[in-house]
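Read off the chains here:
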Amino acid sequence: MRSGQLAAILKELADMMELKGENPFKVNAYRRAARAVENSRVPIDALERPEELPGVGKGTAAVIREIMETGQSKQLDEIRNLLPAGLPELMRLPGLGPKSIHVLYRELGVTGIEELRQAVEAGRVRHLPGFGEKKERNLAEGIRKWNKRPVRTLLIHALPVAETLEKRLRQIPQVERVEPAGSLRRRKETVKDLDFVVATEHPAVVAERITAMPEVTQVLNHGETKVSVMVEMGLAIQVDVRLVQPEQFVSALHHFTGSKEHNVRIRQRAKELGWKVSEYGIFDPEKEEVFTFREEREMFDKLGLPFVVPELREDRGEVDIPTLPELLGIEDYRGDLHMHTRWSDGSATVEEMAIAAQKRGYAYIAITDHSQSLKVASGLTADDLKRQREEIDQVNDRLDGMTVLAGVEMDILPDGSLDYPDEVLQELDLVIASIHSGFRQDEETLTSRMIAAMENPYVHIIAHPTGRLINRRDPYGLDLDRVFEAAKRTGTVLELNANPHRLDLNDWYLKRGKEEYGLRFSINTDAHTPEMLSHIGVGIATARRGWLEAEDVINTYSIDRLKDWLAQKRGG
Ligand code: DGT
Ligand code: CA
Ligand code: CA
Ligand code: ZN
């Protein structure tokens, strides 16, 4: 390892600890150590005792040793994993260091750029210690620039913008029909831009109204058939609106929903029948006739195909098979099995989570706080779990028609062992295991670690198996085929984590796990607040894109069936 790499990890550790609000003495110890490493005249790999570096104490030396031996720091991984995912990237805004970000987090609950933007807009930032009006103005500018950077927008951020725009378009008197199209309609996890198809007899008038919207910051294209604008509605995003004659609405909607690959297959299908498909309809050259449709179903019907819902239009077989699956719907979902409370790093009590779940119409939930090794998330000891179980029992007594299961999200430690002995696990109703540290290990080590956890009969579910964070962190280097095979063999269920930054397993892996290994899955929000239970919507959408049916997902089971399954996994 080179000194530069070591120093960079130490600096990052200091930043992350400061973000988290750790004691400044500890933070400074790591900063000092980083400087000492950079300035050391002895090459770092020749250094036998890091304690000999000026200003480096025993504790810091141990961390340096760990980094030099393993190439990483367990503590850093843990903090990185447990801080709200949007917090570290705030450091990229000019004028914001870890200390001020911590103040924003602690005082205003800011956990990412969007919350910060709202706080700045509401004028709440200027009153914080060390901020003021000038800094607030600079932040506003920094955020505007940041939002213009070319990354794909998360589905969960795009959905409310699309909804507002859709309403706006419907209010224009000359507009007859409106539908969102493109990747948003297909519910892809991220979208590049927002596409709409609008039916109107007066395209020029409608185009004028769109470009005149107050949120439009730039007009990219202003024609009679297409208007493209940049809007700033909480986030900056491009919006493409196609203006079509009412009778062409359905074929245009299909065309601009895509995907491109799906459209290719549809054109091939039409060709087999001697026809041509375009955004204007299906053309029969022999009869010189154009077919148009009132609904998309009629168009698929005309082509002799079953109706393909937008989520499946990715050319993953949807045009090639005679019957399509009956996809999972939100109404099939009966309970969330992964969430946190104040016992670890959540914001609410057990009862508050249970009542929020009841309001959503669920029959059960599982409380799964973090385990003891995750000190950064105040992980629970075996004794804490016992006391938490008492609280859960009381909540179960108080609430009708809602079962709260006592669970845990247990760390799979870097050496492959589990964070509690079996005697502790057997007392719990449900055990989730997951990796929160050492995720840069090599493929073999990581894969064996995960498989070892699955082989424990008390482990029911593996949470967020690939560990990816959309736009932020690549998946762990796992051999997923071996993981799928082990899940099948041991009856362990893999999670689709519905946190909008994770959506892990993704649609593609879900389909593969189901079709090639016959796996079942669990879809959970991993909520840390009652509001976050609503993330289940993007989870269900991703499951649908993964071709999952109700029967493939254990969260659709009745409570009795779920309990049977939980017992059966343990050989009961
Ligand atoms: P995105 O925007 O990257 O998240 O994904 P899409 O699928 O929304 O892609 P987009 O916005 O470029 O185009 C919307 C749909 O329009 C696309 O799925 C297929 C259809 N389409 C038809 N012809 C064309 C074409 O010539 N170019 C593009 N880009 N799209 C076309
Ligand atoms: Ca698009
Ligand atoms: Ca587009
Ligand atoms: Zn969790």
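Definitions and cut-offs
Residues numbered from 1 in each chain as written. Chains lettered and ligands numbered in written order. Predicted model: local features only at pLDDT ≥ 70, side-chain atom pairs only at ≥ 80, totals over all residues. Heavy atoms only, no water. Buried < 20%, exposed > 50% of the residue type's maximum accessible area, 1.4 Å probe, protein only. Helix = DSSP H or I, 4+ residues; strand = E, 2+ residues; numbered from the N terminus. Arc of directions from axis to C-beta. Contact = heavy atoms within 4.5 Å. Core = buried A, V, L, I, M, F, W, Y, C linked by side-chain atoms within 4.5 Å. Domains from an automatic or database assignment. Buried area = accessible area lost by both parts, 1.4 Å probe. Salt bridge = Lys/Arg side-chain N within 4 Å of Asp/Glu carboxyl O. Polar contact = N/O pair within 3.5 Å; in protein donor to acceptor, adjacent residues only side chain to side chain. Nonpolar A, V, L, I, M, F, W, Y, C, P; charged D, E, K, R; others polar. Near = heavy atom within 4 Å. Areas by Shrake-Rupley, 256 points an atom, 1.4 Å probe, with all protein chains shown as cover.

Undergrad: Lay out helix α10 (residues 203–211) with the relevant residues and their values.
TA: The set of residues buried in α10 consists of Pro-203, Val-206, Ala-207, Ile-210 and Thr-211. An end-on view of α10 places all buried positions within 130 degrees of arc, on one side of the element. Here the buried face of α10 lies against α8 (155–170), β2 (175–181), β4 (194–200), β5 (216–222), β6 (226–233) and β7 (235–244).

Undergrad: How would you sum up the nonpolar core? Please name residues and give values.
TA: Counting 63 residues, the largest nonpolar core has Ile-365, Val-404, Met-410, Met-454, Ile-462, Leu-494 and Ile-523 as the members making the most contacts within it. Those residues in contact with Ile-365 that lie beyond four places of it in its chain are Asp-336, Leu-337, Met-339, Met-353, Ala-354, Ala-357, Met-402, Thr-403, Val-404 and Leu-405.

Undergrad: Which residues make up the domain arrangement of the protein chain, and what values do they have?
TA: We note that the domain assignment places domain 1 (3–148), domain 2 (154–312) and domain 3 (330–571) within the protein chain. At the interface, twelve residues of domain 1 touch 17 residues of domain 3. Buried surface at the junction of domain 1 and domain 3, summed over both partners, amounts to about 1300 Å²; 52% is from carbon and sulfur atoms. Here domain 1 is connected to domain 3 by two salt bridges. Connecting domain 1 to domain 3 are four residue pairs in polar contact (both at pLDDT 80 or more). If one sorts the elements of the side of domain 1 that touches domain 3 by residue count, helix α4 (residues 74–82) sits on top with seven residues. The class makeup of the residues in the side of domain 1 that touches domain 3 is three nonpolar, three polar and six charged.

Undergrad: So what about the site of ligand 1? Which residues, and what values?
TA: Taken together, 15 residues are adjacent to ligand 1, and Arg-152, Ser-183, Arg-186, Lys-192 and His-255 come closest. At 2.9 Å, a side-chain N or O of Arg-186 approaches an oxygen atom of ligand 1. Between an oxygen atom of ligand 1 and a side-chain N or O atom of Asp-193, the distance comes to 3.1 Å. With the chains in place, 72% of the 570 Å² that ligand 1 exposes on its own is no longer accessible. Counting only elements with at least two residues in the shell around ligand 1, the list comes to α9 (182–185), α11 (249–257) and α12 (260–272). For the shell around ligand 1, the leading source of residues is α11, giving three residues. Here the residues of the shell around ligand 1 are counted per class, giving two nonpolar, seven polar and six charged.

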